[in-house]
Amino acid sequence: MKIRAAVLERFGEPLEVQELELAEPRVGEVLVRLAACGVCHTDLFAASGADPSGYSPTVLGHEGAGVVEAAGEEVRDLSEGDHVVTLFSPQCRECEHCRDPRTNLCTAIRGQQGLGYLPDGTTRLSRDGEPIRHFMGCSTFAEYTVMPEIALAKVSPDAPLDRACLFACGLSTGLGAAMNTANVQPGSTCVVFGAGMVGLGAVAGCRLQGAERIVCVDLSEDRLELARGQGATDTLVGGPEGVERVLELVGPLGADYTFEATGNVAVMRQAVESARMGWGLATMCGVAGKGEVLEVVPRFLITGRRVAGSSFGGCKGRDQVPQLVQRWLAGEIDVEPFVSHKLTLDDVNRGFELMEAQDGIRSVIDFA
Ligand SMILES: NC(=O)c1ccc[n+]([C@@H]2O[C@H](COP(=O)([O-])OP(=O)(O)OC[C@H]3O[C@@H](n4cnc5c(N)ncnc54)[C@H](O)[C@@H]3O)[C@@H](O)[C@H]2O)c1
Ligand SMILES: [Zn+2]
Ligand SMILES: [Zn+2]
């Protein structure tokens, strides 16, 4: 079938909305009609050429939500009409990692996905017979996509898809960092560095876990206001003195749980140093630039702090994304303030501009 999609032709140049050919789903694959797709930093990172493993041409986008149009052979759990959220982090339920509660890093299709192919090593996307590679296994800046069943979470049909798409990446990443990776305990003190989509999700996750105190640190007063709306009990403007300011608020020993959601390695260090002596856990969510390292003075570790990293919030996507969506529908998570702009597919580059200007939290492409 013919579809319209936003193609990354050359790094550093605007995406081009073009007509492409999308082939039928093969064994274990599903054809999804996109309803909405968020514009995330990882798309911009790939488009800029800064990602060392990046490639072009490709169709970007990985924060998608839509409706199943057709299922290929041997698809077990999805059928036409099901509402789905795309998963750049799949869940096959069979590999060693999927069977272990300690990680969400499914290994089933990792190799091919990283190279831009579907699990059988080919693409469904093409242009005049030339294969076009997929992005993060999703390629959701497009009217339709073909994805493996294991990379789609079936969500309640009651969930508006132009909000549900946020659970495909940033929001679940933040919520899950608090709920899965750190497993914040009731009554604890938490500090979240960064109040973008990921940090605000982490604030909400700490609240859902029953944290007593949630300090959010950001450079923007507007974003700190949003953090208070998600449950932050205290807010701070960050900077080089971030650790001192945090310790003044939470006490000299530090916080039970800290979260980094900025991508800045200096802030990651602050998250480690703000964690409590004895048992503080610092969880890193941000993606640092190529070659950057996190500096940690070993004394902070010897005296009982621990450091963890969190990819997609440790969420096993097919199991947990539908549960998070249910909690949103039950009124426990307020998603409204996160959708700041609605765009058409043709405006996708505007989504990147808004992100660079830090105008709002998320732009969502609406295919309706
Ligand atoms: N681990 C994952 O699976 C995963 C998934 C999605 C995104 N990410 C990464 O998470 C990070 C956050 O993503 P986002 O979409 O929320 O980004 P964002 O840019 O919207 O938010 C980052 C926030 O950090 C704040 N900040 C910058 N410097 C600061 C400082 N010194 N002190 C305090 N706050 C500071 C900014 O003001 C901004 O509000 C990015 O690095 C992104 O690539 C990781
Ligand atoms: Zn993302
Ligand atoms: Zn797996």
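Residues numbered from 1 in each chain as written. Chains lettered and ligands numbered in written order. Predicted model: local features only at pLDDT ≥ 70, side-chain atom pairs only at ≥ 80, totals over all residues. Heavy atoms only, no water.

Draft legend 1. The coordination of the zinc ion (ligand 2), seen in detail. Taken together, the protein ligands of the zinc ion (ligand 2) are Cys40 (SG), His62 (NE2) and Cys169 (SG), with distances of 2.0 to 2.3 Å. When its relative accessible area of 5% is taken as the criterion, Cys40 is described as buried. (Donors = N, O, S within 2.8 Å, 3.2 Å for Na, K, Ca; no water. Buried < 20%, exposed > 50% of the residue type's maximum accessible area, 1.4 Å probe, protein only.)

Draft legend 2. Region of interest: the coordination of the zinc ion (ligand 3). Summarising the metal site, the zinc ion (ligand 3) is bound by the protein donors Cys92 (SG), Cys95 (SG), Cys98 (SG) and Cys106 (SG), whose distances to it range over 2.3 Å. The site at the zinc ion (ligand 3) holds four donor atoms, and with the angles between them running 105 to 117°, its shape is tetrahedral. Positions of the donor residues of the zinc ion (ligand 3) along the chain correspond to the pattern C-x2-C-x2-C-x7-C. Assessed through its relative accessible area of 11%, Cys98 is described here as buried. (Tetrahedral: all angles 85-135°; square planar, octahedral: opposite > 155°, others 65-115°.)

Draft legend 3. Up close: the sheet that holds strand S11 (residues 189-193). On the basis of which strands lie adjacent, the open sheet formed by six strands has the order S13-S12-S11-S14-S15-S16 and parallel pairing. The outermost strands of the open sheet, each flanked by one partner alone, are strand S13 (234-237) and strand S16 (306-309). Here the average twist between neighbouring strands, direction ignored, is 20°. Judged from the four bridges that link them, strand S12 (residues 213-218) and S13 form a sheet pairing that is parallel. In the sheet register, Cys216 faces S13, and the bridge partner there is Thr235. Helix H7 (residues 242-250) rests against S11, S12 and S13 of the sheet, and its axis sits at about 160° to S12. (Pairing = 2+ DSSP bridges. Helix = DSSP H or I, 4+ residues; strand = E, 2+ residues; numbered from the N terminus. Axes fitted to C-alpha atoms, helices over the stretch in contact; angles between N-to-C directions. Contact = heavy atoms within 4.5 Å.)

Draft legend 4. Spotlight on the pattern of salt bridges. Taken as a whole, this structure holds 29 salt bridges when the rule is applied. The shortest N-O distance in the salt bridge between Glu353 and Arg350 comes to 3.8 Å. Within this pair, Glu353 and its partner Arg350 are both found in helix H11 (residues 348-356), separated by three residues, close to a single helical turn. (Salt bridge = Lys/Arg side-chain N within 4 Å of Asp/Glu carboxyl O.)

Draft legend 5. Fine view of unusual backbone geometry. Cis geometry marks the peptide bond from Ser56 to Pro57, where omega comes out at -5°. Along the polypeptide, Pro57 turns up in the loop between helix H1 (41-48) and strand S4 (58-59). In this structure, Arg93 takes a positive phi of about 70° despite not being glycine. Inspection of the secondary structure puts Arg93 in the loop between strand S6 (83-86) and helix H2 (110-115). What makes Arg93 partly exposed here is its relative accessible area of 36%.

Draft legend 6. Inspection of the sheet that holds strand S7 (residues 125-127) at higher detail. What the five strands build is an open sheet, ordered S4-S1-S2-S7-S8; its pairing is antiparallel. A strand with exactly one partner marks an edge of an open sheet, and here the two such strands are S4 and strand S8 (130-131).

Draft legend 7. Region of interest: the pairing of strand S9 (residues 144-148). Buried residues dominate S9, accounting for five of its five residues. Across the two faces of S9 the burial is the same, with Tyr144, Val146 and Pro148 and Thr145 and Met147 all buried. The pairing of strand S3 (residues 29-38) with S9 spans five bridges and is classified as antiparallel. Within the sheet, the bridge partner assigned to Val30 lies in S9 and is Met147.

Draft legend 8. Representation of the nonpolar core. Phe141 and Phe259 are the most contacted members of the largest nonpolar core, which has 86 residues in total. Per-element tally for this core: the top contributor is helix H5 (residues 197-208), with seven residues. When sequence neighbours within four positions are dropped, the list of residues in contact with Phe259 reads Ala177, Ala178, Ala182, Val184, Cys190, Val191, Val192, Phe193, Cys206 and Thr283. Counting residues in each nonpolar core, the second largest holds 17 residues, with Met268, Val272, Ala275 and Ala282 among its members. (Core = buried A, V, L, I, M, F, W, Y, C linked by side-chain atoms within 4.5 Å.)

Read these as spatial facts, not as claims about activity.
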